[in-house]
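# Structural overview
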Amino acid sequence: MCPGPPTFETDLQRYAALLEITNLAEMADTVSRYREPAFLFRELTPLLGNIVAFDFINFALYDSIDEVMRLFVWDGRSWPNKPDRMSIQDSAVGWAWQNQAPAHVSDTEGETRFGSELRWLHENRVRSYCVFPLTARQQRLGALAFGRRMPQAFTPQDMQLLHRVSEMVALCVDGTLNRSALAEARDRAHLLLELETALFSTLDLKQLFPVTAQSLRKLVPYDSASMAYFDEGAGMLRQYRLDAPPSDHFDSGVWITAQDSLVARAFRQQQIQFFNRESLTREPQGGIAAFRDRAASSLYLVPLATAKGHVGVLSLESLQAEPLSQDRLSMLGQMAVLVALALENALVHRNLRLQRERMQALLSISTVLAAHWDLGEVFPKTSSYLRRVLRQEYASVAFYDETGSRLVRQFIDFPMGRGSLKDTGFTVDVSRSHAGKALATRSAMIFSRAEIEALDSEITEKLIEEGIKSLCCVPLSLPRGTLGTLTVASTRENAFRPDDTALLRQVASQIAVAVENARATRQIEALKNRLEEEKRYLEGEISTAMNFEEIVGESPALQKVLEKVVTVAKSDANVLILGETGTGKELIARAIHRMSRRKDASFIKLNCAAIPTGLLESELFGHEKGAFTGAISQKIGRMELADGGTLFLDEIGEILVELQPKLLRVLQDREFERLGGTRTIKVNLRLIAATNRDLAQSVARHEFRSDLFYRLNVFPVQVPPLRERAEDIPMLVRYFVRKYARRMERHIESIPTETMNALQQWHWPGNVRELENFIERSVILTEGTVLRAPLPELQASSGNAPPDHSLENAEREHILKALREANGVLSGPHGAGRRLGLKRTTLQSKMQRLGITREDYAKPKAS
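Residues numbered from 1 in each chain as written. Predicted model: local features only at pLDDT ≥ 70, side-chain atom pairs only at ≥ 80, totals over all residues. Heavy atoms only, no water.

### Some details on the overall build of the chain
Selection rule: Helix and strand assignments follow DSSP, with helices taken as H or I runs no shorter than four residues and strands as E runs no shorter than two, numbered in order from the N terminus. Note on contacts: a residue pair is in contact if any heavy atoms of the two residues lie within 4.5 Å.
In terms of helices and strands, the chain carries 29 helices and 25 strands. Contacts in the chain between residues far apart in sequence, at least 24 positions, make up 63% of those at least 6 positions apart.

Okay, structure coming up:
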């Protein structure tokens, strides 16, 4: 484009070009192809070439967003794909734009101004350069520059003409830029509408992040982005990478707890903050931990807030170090408002969903525990409902042991465990356990991986071996005290949040109530069984236990015994009642009980000689179901029935040596185990024993333990035989006559003197029991109002020695009869022991005690 010397034709050509430029200025804001300035510049270039000669032309526009000059340069060959950028302060086009005056460089070889642009001109061998500002309607648009590869190429007339031409070009550019600005505003509004539609069309927090990332890239330039939202339950910020691939589980977020964190600071201050690499290095190390290893050169932190409060923080990282322009910041602020509203909606939706899931889990757990109080059966199901919300891998319940110093793990649910934590019954010291810390504070506690590993305890090694990284312990509390703990654990870091403890406390409360209900049910069942046993026992004893309504007699011997009864009844000391058969030892025992502090509790009796040897232990201590053949249900022993009251063991000397240590333990430690059971049962009872044997001699013959004898013989009471208190016989006779006459509906008014004298003179080897039986027989024989006693029965043996009606002699004769029938064989299916229901050793012991030898039962040989 090098027109010749000015001629008339040249002037016409120039005027024609100016006219076309004028036409372009008039239609620049209406023609759609001029929406982009580059299209306008391509049409202007040949027209301007008809006005003045140039080797290249530069259309420079001011970029208000990046505050630089954008250069559209034609060098005679082709237009660039995109404009170059040049600083305002170091360029001729920037100088002309700022000063609104032409800039003329007649020879670039001697020019020192405009460093960056001058280097560019030298590279393109430009020697002459003139620049004119582009200004329209008082608005500075940019600059127009012409260049020639020869020095001093532009004359003053050219400069004057080009100045007028630049004014016309400015009108064209202004129309195009107005149309471009309107289009850009419309596009941004459309993009904001698209962003709003996209953001508010999803209520799922997990899906909100990629939607936000896609929308952001259309509005502001960035290389990496993340979003942190405020978790009200945890009281912390949780940050997620927006451009990271979606994970299978929504747990990849990072908790932000450091107070000096840049994100936390932006959240508190609610101001957009910009950092470059230099400013980041001046921040505390904890504040830049999230950006230290990244290649980003700049960082923007944009707070997200709504009318309800602060929601979170948006972080944008870029490889470019320059800050955003005010227009871009304004656009970012508008976008942040939409993102904040969408994030708030998603969080509300998420919280409602979580709350609904937790309420459903709590309802399911409540239903299961209410229907089944046996926690061992329903705990795995309870844990599975809890897992739907917390996604824990491990759950267990532990209770205090009897000492209160250790926790015993009773129930566990750990389906994916390797085995280290699967055993129930495992105990751990309360003071050296994580659960113990929760119990000490009476509150739920969450432990991180570091806190788990820091505790020196036998449980720590097992937790580490199973890969446990998060732990939460919640006390099982009731108004009357704490039972133990509920523990949940996970192999994930920071698996439990502070708001999770509210749900766990509710679950722990329900478990504690279920455990307490189960315990109460067992206790009620045990008391019910005990009452049924007592009822059956008392019903069976009513007809025999109250043979005497009270002790009858006024003899000094009897009064001496009663004085001892009054003395010992006030204490809880063991009493050993001694006396012959039929002297009323049980009546003395009942009198002691009625006068003691235990009078309102049960009086339980057991005749040790009347119970078969094999069943005596079961009668005393009870048995569990399946303890032996025939034990089809649990049985409560006399020891438990007498808890709180008095146990009377008649014929205590007949207890086998094998059972004596167990009885001794009850007297010493007040505890025992049922037959076939493992649970120790505590009892508080008073023992009264009675015997007609000389226990001291039994101790000497090693038939009775000496330590048990000393425990029983704390306060011995010797009941005198009836022959030693004959003065009580008349009173006893009258008492028994009234008793049986009333029972048999007889009317007996008197007792003959000779009858009373005969009764007083008889030695009564069977004591009061024999007298009672004799009077009952007499009442049966009486037909009138005078007692008719069969005195000949007494007179027939009055001249001989009194027959031996003692129990010991009866036992001796019974054993001799069995030995004779068994031909002297002691054991075996046809032996005497089988006939008597005794073991061989027991039978031999009784034979030795009773002085039975082979000569006593051997059959005489035939002569």
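Further notes follow.
### Examining the packing of aromatic side chains
Under the convention used in this document: By convention, a stacked pair of Phe, Tyr or Trp rings (six-membered ring in the case of Trp) has centres within 6.5 Å and planes under 30 degrees apart, an edge-to-face pair has planes over 60 apart, and any other such pair is tilted. Burial classes: relative accessible area under 20% of the type maximum marks a residue as buried, over 50% as exposed, and values in between as partly exposed (1.4 Å probe, protein chains only). Criterion for a charge above a ring: Arg CZ or Lys NZ at most 6 Å from the ring centre, at most 35 degrees from the ring normal.
According to the stated counting rule, one finds 15 aromatic pairs in the structure shown. Ring centres of phenylalanine 56 and tryptophan 120 lie 5.7 Å apart, and the angle between their planes is 85°; on these two criteria the pair is classed as edge-to-face. In this pair, phenylalanine 56 sits in strand β1 (residues 56-63) while tryptophan 120 sits in helix α4 (residues 115-123), placing the two residues 64 residues apart along the sequence. Both residues of the pair, phenylalanine 56 and tryptophan 120, count as buried. Here the aromatic rings of phenylalanine 379 and phenylalanine 411 are separated by 6.5 Å at their centres, their planes lie at 35°, and the arrangement is tilted. Of this pair, phenylalanine 379 sits in helix α10 (residues 375-390) while phenylalanine 411 sits in strand β14 (residues 406-413), and the two are 32 residues apart along the sequence. Ring pairs connect the aromatic residues Phe54, Phe132 and Phe146, which therefore count as one cluster. Positioned above the aromatic ring of tryptophan 97 is the side chain of arginine 140, whose terminal nitrogen or guanidinium carbon lies 4.4 Å from the ring centre. Above the ring of phenylalanine 621, the side-chain terminus of lysine 662 is found at 4.6 Å from the ring centroid.

### Digging into the pattern of salt bridges
What counts is decided by this rule: Here, a salt bridge means any Lys or Arg side-chain nitrogen found within 4 Å of an Asp or Glu carboxyl oxygen.
Inspection of every chain in the model, using the stated rule, returns 31 salt bridges. The shortest N-O distance in the salt bridge between aspartate 55 and arginine 148 comes to 3.5 Å. With a gap of 93 residues between them, aspartate 55 in the loop between α2 (37-49) and β1 and arginine 148 in strand β6 (residues 139-148) connect regions that are remote in the sequence. With respect to class, aspartate 55 is no different from arginine 148; both count as buried. Close ionic contact of aspartate 707 with arginine 705 constitutes a salt bridge, the shortest N to O distance being 2.8 Å. Taking the relative accessible area as the measure of exposure, arginine 705 reaches 30% and is therefore partly exposed. Bridged by salt links that share partners, the residues Glu654, Arg693, Arg701, Glu703 and Lys846 form one connected network.

### Comments concerning the sheet that holds β6
Selection criterion: Paired strands, as defined in this entry, are two strands with at least two bridges between them according to DSSP. Lines fitted to C-alpha atoms define the axes here, with helix axes fitted over just the stretch in contact, and angles between the N-to-C directions of these axes take values from 0 to 180 degrees.
Ordered in space as β3-β2-β1-β6-β5-β4, the 6 strands form an open sheet in which the pairing is antiparallel. Unpaired on one side and paired on the other, β3 (84-86) and β4 (103-105) mark the two borders of the sheet. Across the sheet, the mean angle from the axis of one strand to that of its neighbour is 25°, orientation sign disregarded. Contacting β1, β2 (68-74), β3 and β5 (128-136), α4 runs over the sheet at an angle of about 155° to β1.

### Structural notes on the nonpolar core
Quick note on the threshold: In this description, a nonpolar core means a group of buried Ala, Val, Leu, Ile, Met, Phe, Trp, Tyr and Cys residues linked to one another through side-chain atoms lying within 4.5 Å.
Formed by 33 residues in total, the largest nonpolar core has its most connected members in Leu476, Leu486 and Ile511. Those elements giving two or more residues to this core turn out to be α9 (326-371), α10, β13 (394-400), β17 (470-478), β18 (481-490) and α14 (500-545). Look past the residues within four positions of leucine 476 in its chain and what remains in contact with it is Val397, Ala398, Phe399, Gly481, Thr482, Leu483, Gly484, Thr485, Leu486, Ala508, Ile511 and Ala512. In this structure, Ile636, Ile655, Leu659 and Leu687 belong to the second largest nonpolar core, which totals 32 residues.

### Re the environment of threonine 491
Mapped onto the fold, threonine 491 is located in the loop between β18 and α14. C-alpha of threonine 491 to C-alpha of lysine 469: the two residues are 22 residues apart in sequence and 5.0 Å apart in space. Filtering out sequence-adjacent residues up to four positions away, threonine 491 remains in contact with Glu393, Glu466, Gly467, Ile468 and Lys469.

### Brief notes about the packing of α9 against α10
This is how it is decided: An angle counts as roughly parallel when it lies under 35 degrees, as roughly antiparallel when it exceeds 145, as roughly perpendicular when it falls between 65 and 115, and as oblique in every other case. Under the grouping applied here, Gly and all other residues not named as nonpolar or charged are polar, the nonpolar ones being Ala, Val, Leu, Ile, Met, Phe, Trp, Tyr, Cys and Pro and the charged ones Asp, Glu, Lys and Arg.
At a minimum axis distance of 9 Å, the contact between α9 and α10 shows a crossing angle of 175°. Judged on the interaxial angle alone, α10 and α9 are roughly antiparallel. Of α10, the residues touching α9 (which contributes Glu357, Arg358, Ala361, Ser364, Ile365, Val368 and Leu369) are Leu375, Val378, Lys381, Thr382, Tyr385, Leu386, Val389 and Leu390. Residue composition of the contact of α9 with α10, by class: 10 nonpolar, 2 polar and 3 charged.

### Some remarks on the packing of helix α22 (residues 729-744) against helix α24 (residues 767-781)
Selection rule: Each crossing gets its handedness from the near helix: less than a right angle anticlockwise from the far helix is left-handed, clockwise is right-handed.
Contact geometry for α22 and α24: axes closest at 9 Å, N-to-C directions at 45°. In terms of orientation, α22 lies oblique with respect to α24. Crossing of α22 against α24: the hand is right-handed. Taking contact as the criterion, the partners of Ile729, Leu732, Val733, Phe736, Val737, Lys739, Tyr740, Ala741 and Met744 in α22 are, on α24, Val768, Leu771, Glu772, Ile775, Glu776, Val779 and Ile780. Among the residues forming the contact of α22 with α24, the class breakdown is 13 nonpolar, no polar and 3 charged.

### Details of a positive patch on the surface
Keep this limit in mind: Residues form patches when they are more than 30% accessible in relative terms and have no salt bridge. Like charges link within 9 Å. Nonpolar side chains (Val, Leu, Ile, Met, Phe, Trp, Tyr) link within 5 Å. All accessible areas in this document rest on Shrake-Rupley with a 1.4 Å probe, and a residue is counted as covered only by the protein chains that are shown. In this charge count, Lys and Arg are treated as positive and Asp and Glu as negative; neither His nor the chain ends contribute. Where a charge lies is defined by one atom per residue type: Lys uses NZ, Arg uses CZ, Asp uses CG and Glu uses CD.
Residues Arg734, Arg738, Arg742 and Arg743 make up a contiguous surface patch of positive charge. Along the polypeptide, arginine 743 turns up in helix α22. Taking the relative accessible area as the measure of exposure, arginine 743 reaches 56% and is therefore exposed.

### Brief notes about the environment of valine 786
As for its placement among the helices and strands, valine 786 is situated in the loop between α24 and α25 (792-795). Sequence-wise, valine 786 and proline 752 are 34 residues apart; in three dimensions their C-alpha atoms are separated by 7.2 Å. Those residues in contact with valine 786, other than ones at most four positions away along the chain, are Ile748, Ser750 and Pro752.

### A few points about the side chain of threonine 782
So the rule is basically this: Here a polar contact is recorded for every N or O atom pair within 3.5 Å, except that within protein the pair must consist of a potential hydrogen donor and a potential acceptor, and residues adjacent in sequence are included only if both atoms are side-chain atoms.
Its place among the elements puts threonine 782 in the loop between α24 and α25. Overall, the relative accessible area of 1% leaves threonine 782 in the buried class. Of note is the side chain of threonine 782, whose polar atom sits 2.8 Å from the backbone oxygen of serine 778.

### As for the sheet that holds strand β9 (residues 254-256)
The antiparallel open sheet is built from 6 strands, whose spatial order is β9-β8-β7-β12-β11-β10. Each end of this open sheet is capped by a strand with a single partner; those strands are β9 and β10 (273-276). Going across the sheet, the axis of each strand differs from the next one's by a mean of 25°, ignoring polarity. Sheet topology places strand β7 (residues 224-231) next to strand β8 (residues 236-241); 6 bridges connect them, and they run antiparallel. Within the sheet, the bridge partner assigned to serine 226 lies in β8 and is arginine 241. Against the sheet, helix α7 (residues 262-269) touches β7, β8, β9, β10, β11 (298-306) and β12 (309-318), its axis set at about 135° to β12. Across the face of the sheet, α9 comes into contact with β7, β11 and β12 while running at roughly 55° to β11.

### A short note on the confidence of the model for the chain
Under the convention used in this document: The pLDDT score gives, residue by residue, the confidence of the prediction method on a 0 to 100 scale.
For the chain, the mean per-residue pLDDT works out to 80, and 84% of the residues sit at or above 70. For the stretch residues 797-801, pLDDT sits under 50, and the model shows 2 contacts to residues farther than four places along the chain or on other chains.

### Examining the pairing of β17
Counting buried residues in β17 gives 8 out of 9 residues, a clear majority hidden from the surface. Bridge count between strand β16 (residues 445-447) and β17: 3 bridges; the pairing is antiparallel. Of the residues in β17, the one forming a bridge with methionine 445 is cysteine 473. Where β17 and β18 come together, 9 bridges link them in antiparallel fashion. Looking at β18, one finds that serine 470 is bridged to serine 490. Taking the residues that link successive antiparallel strands as the turn, the β17-β18 hairpin has 2 residues.

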